[in-house]
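Summary of structural features
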Amino acid sequence: MTDAPAPARRRTATRRRPDVTVLLAVLLPAAALALLLASGTEPVGRADRPPSTTPLTRTLLGCPASLPGADEVRVASGVGASGPVDLNGEQVDVAPGRVGTLAVGGSVVVRGDDAVAPGLVAGRSGTSPLVATDCPAPVGEEWFTGVGADARHSSVLELVNANAGPAVADVLVLDEDGVVDAPVLRGVLVPGGESRRLALAELIPRDGELALKVTTTRGRLTAAVEDTEDRLGSAVPTTDWLGGQPAPETTSTLLGVPGGNGPRTLVVANPGDDELRAQVRIVTADSVFAPEGLDEVRVAPRATARVQLSAELRAAVADGAYGLQVTASGPVTAGLRSVVSGDVVRSAPVERLTGATVALVPEGRKQLQLADSSGVGSVRVVARDASGEEVAREEVPLTPGAGGTLDLPRRAVLLEVVPDRASVRAAVLVTGDGAAVVRLRDLVTDGRVPEVAPGLP
Amino acid sequence: MSGPRSVAVLLVSHDGARWLPAVVDGIRSQTVPVQQVVAVDTGSKDGSDELLEQAFGSVRRVGGATSYPEAVRTGLDALGPADAGPEWVWLLHDDSNPDPTCLQALLAAADDDPGADLLGPKLREWPSLRRLLELGVTISGTGRRETGLERGEYDQGQHDEVRTVLAVNTAGLLVRRSALKALGGLDPHLPIFGNDLDLGWRAAQAGHRTLVVPQAVVFHAEAAHRGIRRTPLTGRHTHYQERRAALWTLLANAPGRALPFQVVRLALGTVLRMVGFLLVRSVGQALDELAALVSVYSHPGDLRAARRARRSGQVADHDEVRRLLAPWWLPYRHGLDFLGDLLAAATDQAADVAERRRAAQAEADPSSFAARRVAVEDEDALGVDSGLVARFFTNPVALLLTVFVAVGLIGSRVALGDVSGGGLSPAPDTVGHWWRLHLESWHELGAGTAVPAPAYVLPMALLATLLLGSPGTAVSAVLVLAVPVGLWGAWRLLRVAGRLVSPQGAPRWVVLWGATTYALVPVASGAWGDGRIGFVVAAALLPWLAHAALGFADPDADRRWRAAWRSGLLLALVSAFAPVAWLLAAVIGLVVVAIAGAVVRSAVRDRSVWGPPAAAVGIVPVLLAPWWVPALVEHAGAGLLLDAGRLPGLTATGLELLGGRFDGLGAPAWVGLVLPVVALAALLPRATRIPVLVCWVVALVTAATAAALALLTLDLAAVSVPAATSFPLLVVQGVLVVAATLGAQGLVAGARRAGWPTAIRPVVALVAAAAAVVPLVGLGWFAAGGHDSLDDDPDSGIPAYMVQSAMTGPEHGILVVRGDVATGLDYSIRRGSGVSLGEDEVLALSPEDEELTRLVRDLVSRPTGAEVAGLAEHGIEYVVLPSPADREVAGTLDATAGLVQASAEDRATRAWQVDRPLDPDAVAGPRSWLRVGLLVVQALAVLVVLVLCAPTTDRRRSR
């Protein structure tokens, strides 16, 4: 490590033999650089750990208070289990193919433990006039679209707390102009085991079509909406339950559109921050088409929009149509209110049915309506009456994108519906003294057990 | 001068045959007659007694254990009755040779000043003869013998006036016999040393005066003091005897009112002096100090008797005596001098490796270039001495360094105050927290764990303790000072490295570039802004470590060993902050020793060549034992391959490693790639190609180690992380800087000799300009700020009232569950004020508590009362789902009996209180005696290594 030799000596030296330092000066850095480039590290991502499932050991459902003529709560096991089901402390037995019933006026907490917990379903219905709703399980968020808070069209939100601890809900209200300032609907406390009814016309009186988003911030709640149409002076008020939907969708399929004369109002709500355009189409057994003369609907951000479809639907239903499809440029919620023959009928978006399910329906003329099949397949239907006797066994073939209808016996109260090789949207329209819609949804048989692991602090 | 006085010489000898012939000649050749010579021999075994007998006819033989005071008494008794015998007694030692005119001068002074009763000569060194030893002595408040002379001061007549002093040495003391009798002779409690001081002090108190007469000269070998002569009285512990004498003298003579103060002061002073001696590895002297103190303090009766005896003869006021004592400030002055010496020795240590190698080379071959160069440098040593300020302002490099540091401090402004964020957890509130973390073998963190605290907790705790117990200040200090300390270290390293390569060293502009470029590595890499304190500290210390390691190349084996302890200590410190450093050092050490062994075969056989590097690497596990061993025992060995700080640590792709950047962080990446290009270009100048190749060898070994590390993925309980490659990144950057600096040095050296070839001028200018951009852009980027994730107010998302409750005890834990059901939930348990710096590693390395995991899973899926009770048993008071809380889980917990909903500021955060009595011993755990033992081992090892690596002030060793 001293100074370099004199230039003359260097020249003779290099001529004699190649300089080893030159060789090293090439090899060493090359090797070092190559190794360095190979020694990079990257953060190790943590893979998603989906939850495992396990059969439910307890199911809690909340039924809203009764409407006139609809005192009876019906329960059934969707998986053919038998055993006692607890309805507000009273035991009702369910058995395969059999429906248990109990007449209760107020809200009801349905509790099924152990064997009857998986696939437990409950519903409340009446036939005079026809009304029906299922008793939902608690969910974190639920949308109700086409709600009213004025004298002619008013709605009551009913929150049922099925658990022992207190629960709190926040209700967001949208109208045609935007978000309604409704402090009274924020932080609504429902003590354990109780229910609370919120009459919107009293709490936030206003005209126009509203949409509600019910968010449970504490505890667990089920939400249901009673919707009353009061054409002042001209007829008796008519009430039915208004089905909700868990989340906005870009494509919503609403089934159970009744035939007959009367106003039909579709309400579309846009929960997003951008204006959306929505296209309304009519669903028939084998096609979905846009009616002539119906323009795209513009829905302002965080607001609702009303579409009058009285004429279009009257003609279409007469031609065999039974549903609506709303396709929007972003997620929306939707609800259709039909007042036919003096009875209000609420149609709401139907979830896709992927497996066997059961539905509790009121007696009356009824039609199973299917739409939007995911592929070629079929739907097998078994209908039973109140005594458990099989009254119909049918199979409806499915083609992609299409649906179909199936008329079922009047006395059928329990439908077992099994889609085969395809998923489909399904609802039952019951007609008689007015009409009611029962939407079919997948049974909840399993609970999710999240994967738990130690985390970084 | 009046008529001749009667003088008796009293010569005491003990094994003094080496000097006696000359002493006898000295006595015989006195220009004034000596009436009588009394020789006393204290059991000599070398024939001294016979020499004396031949010279003076008779000799009194006494036992070898006879003390000097007793021997003098024996001699005085031989003089006969006091009123009949000679008037004066002249005390001489067997190693003190009087100048022929000595006695004459002393007597003349006595005549001039009849009031003087004790007269002492000027003592000069024997055999060098010209160096002054003593011109009268006094004693300082700490018992130090003060001569008022510089060490080795030459006698040029500069002190030649007769003065009154406290005492003079007994070698050559001319004392009026009556006065000596009145004083009771020498104190028999002081057998060899210090009896002269005591005599002088007593004489002064009794109203006698002591004069030093510089015209009288005695040459003194100080045989006993230097340990040349060993007597049964001194034994091997001359220091013990000297110190004991000093303590005795001070305590026996100090005025009564000052005594309590003096007793305390001397005891504390002894402790301080012991520490000082231990620091310079003089264990024997430290023990002597202690023994002397114990010896004096354990005989208070003797002291009381001695004080009583002195009081009876006291005539003079103490204030008069005090004039003769050393001034009060003198011990402090000596302390300052000592510190200065220590500092000089410390900074001198390796800066001179290059020079010492050259000097050793010159010594080995006086005809070599090296020898000639040393001669030339010595002549240059007397340079122009201008004022410090003037030199600073006329030195652009110094000015630029100052500007760099100032701008760097501006850039690090965000680190002031309490900081956390990125990879940095908040510092704990008190330093006691860190000490507990370090000393405890079971940590009440998470579910309770025996995983040891990371090794850096100890240095941080020490630093925080020094900074008045503020951990926050310690963290800020580390972050703020990292760049200046790294700059200083890099400057020293590059200067020595340059001078190892060639005597002129690297041009200062080049060193400036290299040092600033390196100092900015932690900043430009993004580690600083991400709060990666481990990397930052390692970066600041690495050049110091490399500098210490250069000591392995020292020509002196003793210095190589000292370099070993020094490097070992620094390596341990760096490894505490960047554990991979030890592994890398071991690999580099192996490769370097292997290459050295292949090149110089003899090196392998010489233990002092391979031993020091091996010791430096080997001592690290011992110094870090309380962390190292329990980590392995507790299955937390992954920590040895991880960076300090929060996980996951920083990663870097291959190109980022080369450019000195961490993933997604740091200054513009293209700037980082300039350095490797410059380092490659550094291979071109022939003059420095070999040292640059050495740098590339280190880079190669580092890259190979990094490549091996990159293959490892460490699966911890909570996270999987790649092994840390940040330290290799740092080393690569450092090595590239050194290579580039040396290359530039070679280029400049070549150009100085042969001029700049026209063809390469533009290329050189281009490379230089590109290189200059690196520190400039880095510094500008840093000073601009805003690239960091440091924050002074970390938001944990945990409600404040819960934290307050948690701080009341470890059993008030908070179970924090993050994530959602769809992608999985992660839980952690927060205790106390939350995770603070030093606890991240403990928690991350703790193995999973599977029972607790099962409990949490049951709790969030299908809770029953058993799960809630289980929470209480695990010391969990609250369950928190931070925003955004999973609704499903929240709903489940809401519906659980025994969990009471609790409020949180953020409505998206959900919380519950466990409504069950908490188990106060929920997180308690056993004490590990193994770790206690390891802590003791560590403390001892640190002390020993500190002593071993301290610069020596012992001239015998430093020679």
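Residues numbered from 1 in each chain as written. Chains lettered and ligands numbered in written order. Predicted model: local features only at pLDDT ≥ 70, side-chain atom pairs only at ≥ 80, totals over all residues. Heavy atoms only, no water.

1. With respect to the overall build of chain B
Applicable threshold: Helix and strand assignments come from DSSP, with helices taken as H or I runs of at least 4 residues and strands as E runs of at least 2, each series counted from the N terminus. For every residue, the accessible area obtained with a 1.4 Å probe (protein chains only) is divided by the maximum for its type, and the residue is called buried under 20%, exposed over 50%, and partly exposed between those limits. Any two residues whose heavy atoms approach within 4.5 Å at even a single point are treated as in contact. Values of accessible area rely on a 1.4 Å probe in the Shrake-Rupley scheme; residue burial ignores everything except the protein chains shown.
Of regular secondary structure, chain B possesses 40 helices and 19 strands. Taken along the three principal axes of its C-alpha coordinates, chain B extends 120 × 85 × 50 Å. Per-residue burial for chain B yields a buried fraction of 55% across its 959 residues. Within chain B, contacts between residues at least 6 apart in sequence are counted, and of these 77% link residues at least 24 apart. Of the roughly 40300 Å² that chain B leaves accessible, carbon and sulfur atoms contribute 61%.

2. Re the overall build of chain A
Stated precisely, the cut-off is as follows: We score Asp and Glu as negative and Lys and Arg as positive, and we do not count His or the chain ends. By convention, the point assigned to a charge is CZ for Arg, NZ for Lys, CD for Glu and CG for Asp.
Of the regular secondary structure elements, chain A holds four helices and 37 strands. Each principal axis of the C-alpha atoms in chain A carries an extent, and together these give about 120 × 55 × 50 Å. Expressed as a percentage of its 457 residues, the buried residues of chain A come to 55%. Contacts in chain A between residues at least 24 apart in sequence constitute 78% of all its contacts with a sequence separation of at least 6. When the accessible surface of chain A is summed, it comes to about 18600 Å², and 50% of that surface belongs to carbon and sulfur atoms. Of note, chain A has its 44 positive side-chain charges centred 11 Å away from the centre of its 56 negative side-chain charges.

3. Considerations on the interface of chain A and chain B
Reports of interface size often rely on the accessible area that becomes lost once the parts have come together. Counted only if it meets this: The term buried area means the drop in 1.4 Å probe accessible area that two parts suffer when joined, counted for both and summed. Salt bridge, as applied in this entry: a Lys or Arg side-chain nitrogen positioned within 4 Å of an Asp or Glu carboxyl oxygen. We define a polar contact as two N or O atoms separated by no more than 3.5 Å, with the added condition that, inside protein, one atom must be a possible hydrogen donor and the other a possible acceptor, whereas residues neighbouring each other in sequence contribute only through side-chain atom pairs. Three classes are used: nonpolar for Ala, Val, Leu, Ile, Met, Phe, Trp, Tyr, Cys and Pro, charged for Asp, Glu, Lys and Arg, and polar for all others, with Gly counted as polar.
Counting residues at the interface gives 55 residues for chain A, matched by 70 residues for chain B. Here chain A meets chain B over a buried area of about 5500 Å², counting both sides, of which 62% is carbon and sulfur. The largest share of the area that chain A buries against chain B comes from Thr41(A), Val452(A) and Leu456(A), three residues that together contribute 13% of it. Applying the counting criterion to the chain A and chain B interface returns six salt bridges. Where Arg887(B) meets Glu141(A), a salt bridge forms, and the shortest distance between an N and an O atom there is 3.4 Å. Summed over the shared surface of chain A and chain B, the number is 20 residue pairs in polar contact (both at pLDDT 80 or more). It is helix α2 (residues 20-38) of chain A that contributes the most residues to the side of chain A that touches chain B, twelve residues altogether. Class assignment of the residues belonging to the side of chain A that touches chain B gives a composition of 26 nonpolar, 16 polar and 13 charged.

4. Considering the sheet that holds strand β3 (residues 72-77) of chain A
Residues and elements named next belong to chain A. Inclusion rule: Here the rule is simple: two strands pair whenever DSSP picks up at least two bridges between them. Lines fitted to C-alpha atoms define the axes, with helix axes restricted to the stretch in contact, and inter-axis angles between N-to-C directions lie between 0 and 180 degrees.
The strand order across the open sheet built from four strands is β6-β3-β8-β9, with neighbouring strands paired in antiparallel fashion. Looking at strand neighbours, the two that pair on one side only are β6 (100-103) and β9 (130-134), the edges of this open sheet. On average, each strand axis in the sheet is inclined to that of its neighbour by 20°, with strand direction left out of account. Looking at chain direction, β3 and β6 are connected through four bridges and run antiparallel. Bridge pairing in β6 places Arg-74 opposite Thr-101.

5. Description of the pattern of salt bridges
Using the criterion set out here, one finds 50 salt bridges over all chains in the structure. With its nearest N and O atoms 2.9 Å apart, the salt bridge here joins Arg61(B) to Glu53(B). With relative accessibility at 32%, the residue Glu53(B) sits in the partly exposed group. Arg310(B) is the partner of Asp198(B) in a salt bridge, and the nearest nitrogen-oxygen pair spans 2.7 Å. One end of the pair, Asp198(B), is in helix α6 (residues 195-205); the other, Arg310(B), is in helix α10 (residues 300-312), with 112 residues separating them in the sequence. Of the two residues, Asp198(B) and Arg310(B), both sit in the buried class. Within this structure, Glu176(A), Glu209(A), Glu229(A), Arg306(A) and Arg337(A) form a network of salt bridges that share partners.

6. Brief notes about the packing of helix α19 (residues 471-501) of chain B against helix α20 (residues 508-519) of chain B
Residue and element names in this part refer to chain B. Rule in force here: Any angle between 65 and 115 degrees counts as roughly perpendicular, while under 35 counts as roughly parallel, over 145 as roughly antiparallel, and the rest as oblique. Definitions for this section: a left-handed crossing has its near helix turned counterclockwise from the far helix by less than a right angle. A right-handed crossing has that turn clockwise.
One way to put it is that α19 packs onto α20 with a least axis distance of 8 Å and a crossing angle of 140°. On the basis of their axis angle, the class for α19 and α20 is oblique. As for how α19 packs across α20, the hand of that crossing is right-handed. Packed against α19, whose contacting residues are Val-483, Gly-486, Leu-487, Ala-490, Trp-491, Leu-494 and Arg-495, the element α20 presents Arg-508, Val-511, Leu-512, Gly-514, Ala-515, Thr-516, Tyr-518 and Ala-519 at the interface. For the contact of α19 with α20, a count of residues per class yields ten nonpolar, three polar and two charged.

7. Comments concerning the pairing of strand β36 (residues 446-449) of chain A
Residue and element names in this part refer to chain A. Only one face of β36 is buried: it carries Gly-447 and Val-449, and the other face, with Asp-446 and Arg-448, is open. Across four bridges, the pairing between strand β1 (residues 52-55) and β36 is antiparallel. Along β36, the bridge assignment pairs Thr-53 with Arg-448.

8. Details of the nonpolar core
Using the following cut-off: Only buried residues count toward a nonpolar core, which is a set of Ala, Val, Leu, Ile, Met, Phe, Trp, Tyr and Cys residues joined through side-chain atoms within 4.5 Å.
By size, the foremost hydrophobic cluster in this structure holds 146 residues, and its most contacted members are Trp434(B), Met460(B), Val475(B), Leu479(B), Trp696(B), Phe727(B) and Leu730(B). For this core, the element with the most residues is α19(B), which contributes 14 residues. With near-sequence residues (within four places) excluded, Trp696(B) lies in contact with Leu28(A), Pro29(A), Ala32(A), Leu33(A), Ala679(B), Leu680(B), Leu683(B), Leu736(B) and Ala739(B).

9. With respect to a nonpolar patch on the surface
Cut-off, in case you're wondering: Like-charged residues are merged into a patch within 9 Å and nonpolar side chains (Val, Leu, Ile, Met, Phe, Trp, Tyr) within 5 Å, provided each residue has over 30% relative accessible area and no salt bridge.
Together, Val20(A), Leu23(A), Leu24(A) and Leu27(A) give the surface a local cluster of nonpolar side chains, amounting to about 360 Å² of exposed area. Judged by its relative accessible area of 48%, Val20(A) is partly exposed.

10. As for the state of the cysteines
All names here are of chain A. The condition is simple: Pairs of cysteine sulfur atoms within 2.5 Å are what we label disulfides.
What the rule picks out here adds up to one disulfide over all chains. Through a disulfide, Cys-63 is tied to Cys-135; the S-S separation comes to 1.9 Å. On the S-S bond that ties Cys-63 to Cys-135, the torsion sits near 115°, and the link is right-handed. Taken together, the positions of Cys-63 in strand β2 (residues 58-63) and Cys-135 in the loop between β9 and β10 (141-149) put the pair 72 residues apart, joining distant regions of the chain. Owing to a relative accessible area of 0%, Cys-63 belongs among the buried residues under this scheme. On the accessibility criterion, Cys-135 (5% relative accessible area) is buried.

11. Re the packing of aromatic side chains
Centre-to-centre distance and the angle between the planes together describe a pair of aromatic rings. Residues and elements named next belong to chain B. In plain terms, the rule: Aromatic contacts are taken between Phe, Tyr and Trp rings whose centres are within 6.5 Å, Trp giving its six-membered ring; a plane angle under 30 degrees counts as stacked, one over 60 as edge-to-face, and the others as tilted. Remark: a charge is flagged as sitting over a ring if the NZ atom of Lys or the CZ atom of Arg is within 6 Å of the ring centre and within 35 degrees of the ring normal.
Applying the stated criterion across every chain, the model contains nine aromatic pairs over all chains. The structure contains a cluster of three or more aromatic residues connected by ring pairs, namely Trp-582, Trp-627 and Trp-628. Here Arg-927 stacks its cationic end above the ring of Trp-929, 5.5 Å away from the centre of that ring.

12. Things to note about the side chain of Lys366(A)
Residues and elements named next belong to chain A. Relative to the helices and strands, Lys-366 resides in strand β29 (residues 365-371). Here Lys-366 is buried and forms no salt bridge, its nearest opposite-charge partner Glu-363 lying at an N-O distance of 6.9 Å. At 3.2 Å, the side chain of Lys-366 and the backbone oxygen of Pro-409 are in polar contact. Apart from residues no more than four positions distant in its own chain, Lys-366 is found in contact with Val-361, Leu-406, Asp-407, Leu-408, Pro-409, Arg-410, Arg-411, Ala-412, Val-428, Leu-429 and Val-430.

13. Points about the sheet that holds strand β5 (residues 90-94) of chain A
All names here are of chain A. Reading across from one edge, β2-β7-β4-β5 is the order of the four strands in this open sheet, with antiparallel pairing throughout. In this open sheet, the two strands that pair with only one neighbour each are β2 and β5. Geometrically, the sheet is characterised by an average inter-axis angle of 30° between neighbouring strands, direction not taken into account. Pairing of strand β4 (residues 83-87) with strand β7 (residues 108-113) involves two bridges; the strand directions are antiparallel. The residue bridging Asp-86 from the neighbouring strand is Arg-111, located in β7.

14. A few points about the environment of Met802(B)
All names here are of chain B. Looking at the secondary structure, you find Met-802 in helix α34 (residues 800-806). On the accessibility criterion, Met-802 (0% relative accessible area) is buried. Setting aside residues up to four positions removed in sequence, Met-802 forms contacts with Ile-814, Tyr-878, Val-880, Ala-902, Ser-903 and Ala-911.

15. What about the packing of helix α24 (residues 580-599) of chain B against helix α31 (residues 689-710) of chain B?
Residues and elements named next belong to chain B. It is the contact of α24 with α31, at a shortest axis distance of 10 Å, that shows an interaxial angle of 135°. In terms of their interaxial angle, α24 and α31 are classed as oblique. α24 and α31 meet at a crossing whose hand is right-handed. Facing α24, whose interface residues are Val-580, Leu-583, Leu-584, Val-587, Ile-588, Val-591 and Ile-595, α31 presents Val-697, Val-698, Val-701, Thr-702, Thr-705 and Leu-709. Of the residues in the contact of α24 with α31, the class split is eleven nonpolar, two polar and no charged.

16. What about a negative patch on the surface?
Residues and elements named next belong to chain B. Negative charge collects at one region of the surface, where Glu-440, Glu-444, Glu-851, Glu-873, Asp-919 and Asp-921 lie side by side. Positionally, Asp-919 belongs in the loop between β19 (910-914) and α39 (929-949). Taking relative accessible area as the criterion, Asp-919 reaches 30% and is therefore assigned partly exposed.

17. Side note on α39(B)
All names here are of chain B. Put simply, the rule reads: The length a helix should cover is 1.5 Å for every residue beyond the first.
The first and last C-alpha atoms of α39 sit 30 Å apart over 21 residues, in line with the 30 Å expected at 1.5 Å per residue. Regarding α39, the residues found buried are Arg-931, Leu-934, Leu-935, Gln-938, Ala-941, Val-945, Val-947 and Cys-949. Lining the buried residues of α39 we find α8 (259-279), α17 (431-439), α18 (457-466), α23 (557-577), α26 (607-623) and α27 (625-633).

18. Comments concerning the confidence of the model for chain A
The line we're drawing: The pLDDT value tells you how sure the predictor is about a given residue, anywhere from 0 up to 100.
When the pLDDT values of chain A are averaged, the result is 90; 95% of them are 70 or greater. Counted against residues more than four places away or in other chains, residues 1-14 of chain A, with its pLDDT under 50, gives eleven contacts.

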